[in-house]
Amino acid sequence: MKTPSMTRRDFVRMSAGAVAAGAAVKATLLEPPMLAAETLTGGRKIRFASIGTGIRGCDLLRSARQVSTGECVGIADLYDMHQKAGLEACGREVPTTRDYRRFLDDKTIDAVIVATADHLHRHIVLDAVAAGKDVYCEKPMSHTVEAGFEMVAAVQAGKRILEVGSNRVSNILYRKAAEIYASGRLGEVYYAEAHMDRDGPSGAGVYPVPPGLTPETVNWKEFLRDAPPHEFDPVRFVRWRLYRDYGEGLAGDLFVHLLSGFMGVSGINAPPLRAYSTGGNVRYKDDREFPDVLSTLYDYPGGLTYGIHCNMVTASQEPLIFSGEEANLTIMGNTLTITPADTRPQPERYGLNGWTEALRRQYTEAWFAAHTVAPPKITEAEVYETPRGYDDTADHLANFFRAIETREHVVEDEVFGNHAAIACHMANYSYFNRAIATWDAATKTIKG
Ligand SMILES: NC(=O)c1ccc[n+]([C@@H]2O[C@H](COP(=O)([O-])OP(=O)(O)OC[C@H]3O[C@@H](n4cnc5c(N)ncnc54)[C@H](O)[C@@H]3O)[C@@H](O)[C@H]2O)c1
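**Considerations on the overall build of the chain**
Line of reasoning, step 1. Scanning the chain from N- to C-terminus turns up 13 helices and 17 strands.
Line of reasoning, step 2. When contacts within the chain are restricted to residue pairs at least 6 apart in sequence, long-range pairs at least 24 apart make up 73% of them.
Line of reasoning, step 3. When the accessible area of the chain is evaluated, it comes to approximately 19800 Å², of which 54% is carbon and sulfur surface.
Line of reasoning, step 4. For the chain, the distance from the average position of its 48 positive side-chain charges to the average position of its 57 negative side-chain charges is 3 Å.

Structural data, given as structure tokens:
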């Protein structure tokens, strides 16, 4: 039966145009939630100390200056120059120390930010929680699977708030994507993929050693803590993410953001069932202990496959794509795009390429005579953008400060952070063991 409202010409125009290049587009500029400008009861400000004020710790302090509900009241870093950099980023004079425990003993301090190398997260989070502090812990939450579960148990037993620092979970674009995903408008989502690729030394973790970095200006023993003993090495201190004793390479550095973003949008809050990685050292022939190209395929509960690719050879536009039966959802930079799929029945075309024109016409006319072709469900592509200069880290910190007052859940709590970190560990496990990594929920271990 033919649809009276749609001619064949309409159909062809819709298929080729409306859903692809010439599609109508509805563009929306998202409104920032103004979390950063909100107030707490009685104008209260959350008093926090920053532990670790290197690259990320300084960035966090700069973002925190935009958030009215928190104030930095102390800086702890075991490297003297980073204490000074932290003070500059904080923008005001606060006490500084090499020993973060001094702030844990201070009952006037509500919370700490932990932005140290990954192997130290566990120690500092456990100490902070034992001292009754709420914690903003940088990603990846854990350096090992066991450490992650230890932190979860301590945070929950102590009824503390812990927010993990993959800030894109608070990003308004990701929250919009999560809303669209949850509405079911994408239809059945069967595959997701993400890339994050870098082409310079910054992306590859080849950071310069600052002048004056010596055993006198750093507490190296405290940096190692329970990592294997090693003589003082300024390169290991600055480029710790390249060594297995302290970091997790691409998985802990970049995958974790893609995993957290994926989990935030899809609502999946669980470790993957399986992970398979491949990759290698293509460009950087230094003494790094991780690959500079890493691809991992994850199987998530519910049948969703997620493919991640990161490399340090050629930069990419860093997309996160969810492929749905009804529409694709793509986040790239500050833009979220919903591209409708044309799911209506249509005559097979490719197989007709070898037919005569007369036969093609006959087949196509017969097909249209026999089928009902309803208008597509979604004809309009949707584009959402964040305003210029939007800082999702400020929103993430504001979410943390608010939760400290309300005791409500943060958007990226210890369970979420642990699940994202487990996926990072599974990627590395698979890569180093050349095996499919399987999550064993009963023993909370990776097998393979
Ligand atoms: N969310 C993000 O976008 C993002 C970006 C970069 C880094 N990170 C994470 O932030 C953390 C820090 O990374 P970074 O690049 O800033 O590293 P970094 O080496 O530049 O800074 C870490 C700082 O921690 C200090 N430190 C180590 N142990 C300490 C201790 N016991 N007490 C006090 N200070 C201590 C070091 O002296 C150093 O100054 C890591 O977990 C990393 O994965 C997150």
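**Points about the site of the ligand**
Line of reasoning, step 1. The ligand sits among 27 residues. The nearest are Arg56, Asp77, His82, Asp118 and Lys139.
Line of reasoning, step 2. At 3.0 Å, a backbone N or O of Ile55 approaches an oxygen atom of the ligand.
Line of reasoning, step 3. Against a free-state accessible area of 840 Å², the protein chains account for coverage of 93% of the ligand.
Line of reasoning, step 4. Secondary structure elements with two or more residues in the shell around the ligand: α2 (55-64) and α5 (121-130).

**Observations concerning a nonpolar patch on the surface**
Line of reasoning, step 1. There is a patch of nonpolar side chains on the surface, built from Tyr276, Leu297 and Ile436 and spanning about 280 Å² of accessible area.
Line of reasoning, step 2. As for its position among the elements, Tyr276 is in strand β9 (residues 274-280).

**As for the pattern of salt bridges**
Line of reasoning, step 1. According to the stated counting rule, one finds 26 salt bridges in the structure shown.
Line of reasoning, step 2. Here Glu71 ties to Arg92 by a salt bridge, and the two come within 3.4 Å at their closest N and O atoms. Pair noted here: Glu71 is in strand β3 (residues 70-76) and Arg92 is in the loop between α3 (80-90) and β4 (96-97), with a separation of 21 residues, a long-range link.
Line of reasoning, step 3. For Glu71, a relative accessible area of 24% puts it in the partly exposed group.

**A word on the sheet that holds strand β15 (residues 380-385)**
Line of reasoning, step 1. The strand order β1-β15-β14-β13-β12-β8-β11-β10-β9-β16-β17 describes an open sheet built from 11 strands, whose pairing is mixed. The sheet is open, and its two edges are formed by β1 (24-29) and β17 (445-447), each paired on a single side. Between one strand and the next, the sheet's axes are offset by a mean angle of 15 degrees, whatever the strand orientation.
Line of reasoning, step 2. Relative to β17, strand β16 (residues 437-440) runs antiparallel, the two being bridged by 3 bridges. By the bridge assignment for β17, Thr438 is matched with Lys447.
Line of reasoning, step 3. Against the sheet, helix α10 (residues 249-266) engages β8 (189-197), β10 (293-300), β11 (304-311), β12 (319-324) and β13 (327-332), with an angle of about 150 degrees to β11.
Line of reasoning, step 4. Contacts from helix α13 (residues 414-433) reach β9, β10, β16 and β17 within the one sheet, and its direction differs from that of β9 by about 55 degrees.

**Thoughts on the pairing of β10**
Line of reasoning, step 1. Pairing between β9 and β10: 7 bridges, direction antiparallel. Considered in β10, the bridge of Ala275 is made with Tyr298.
Line of reasoning, step 2. Judged from the 8 bridges that link them, β10 and β11 form a sheet pairing that is antiparallel. Residue pairing for β11: Thr296 is matched across the bridge by Ile308.

**Considerations on the sheet that holds strand β2 (residues 46-51)**
Line of reasoning, step 1. In space, the 6 strands of this open sheet follow the order β4-β3-β2-β5-β6-β7, with parallel pairing throughout. The open sheet has two edge strands with one neighbour each: β4 and β7 (162-164).
Line of reasoning, step 2. With 4 bridges joining them, β2 and strand β5 (residues 111-114) adopt parallel strand pairing. From the neighbouring strand, Ser50 faces β5, where its bridge partner is Ile113.
Line of reasoning, step 3. Together, β2, β3, β5, β6 (134-137) and β7 form the strand contacts of helix α12 (residues 392-406), whose direction differs from that of β6 by roughly 165 degrees.

Conventions adopted
- Residues numbered from 1 in each chain as written.
- Predicted model: local features only at pLDDT ≥ 70, side-chain atom pairs only at ≥ 80, totals over all residues.
- Heavy atoms only, no water.
- Helix = DSSP H or I, 4+ residues; strand = E, 2+ residues; numbered from the N terminus.
- Contact = heavy atoms within 4.5 Å.
- Areas by Shrake-Rupley, 256 points an atom, 1.4 Å probe, with all protein chains shown as cover.
- Lys, Arg positive; Asp, Glu negative; His and termini not counted.
- Charge placed at Lys NZ, Arg CZ, Asp CG, Glu CD.
- Near = heavy atom within 4 Å.
- Polar contact = N/O pair within 3.5 Å; in protein donor to acceptor, adjacent residues only side chain to side chain.
- Patch = residues over 30% accessible without salt bridge, like charges linked within 9 Å, V, L, I, M, F, W, Y side chains within 5 Å.
- Salt bridge = Lys/Arg side-chain N within 4 Å of Asp/Glu carboxyl O.
- Buried < 20%, exposed > 50% of the residue type's maximum accessible area, 1.4 Å probe, protein only.
- Pairing = 2+ DSSP bridges.
- Axes fitted to C-alpha atoms, helices over the stretch in contact; angles between N-to-C directions.

In short, geometric facts, not functional conclusions.
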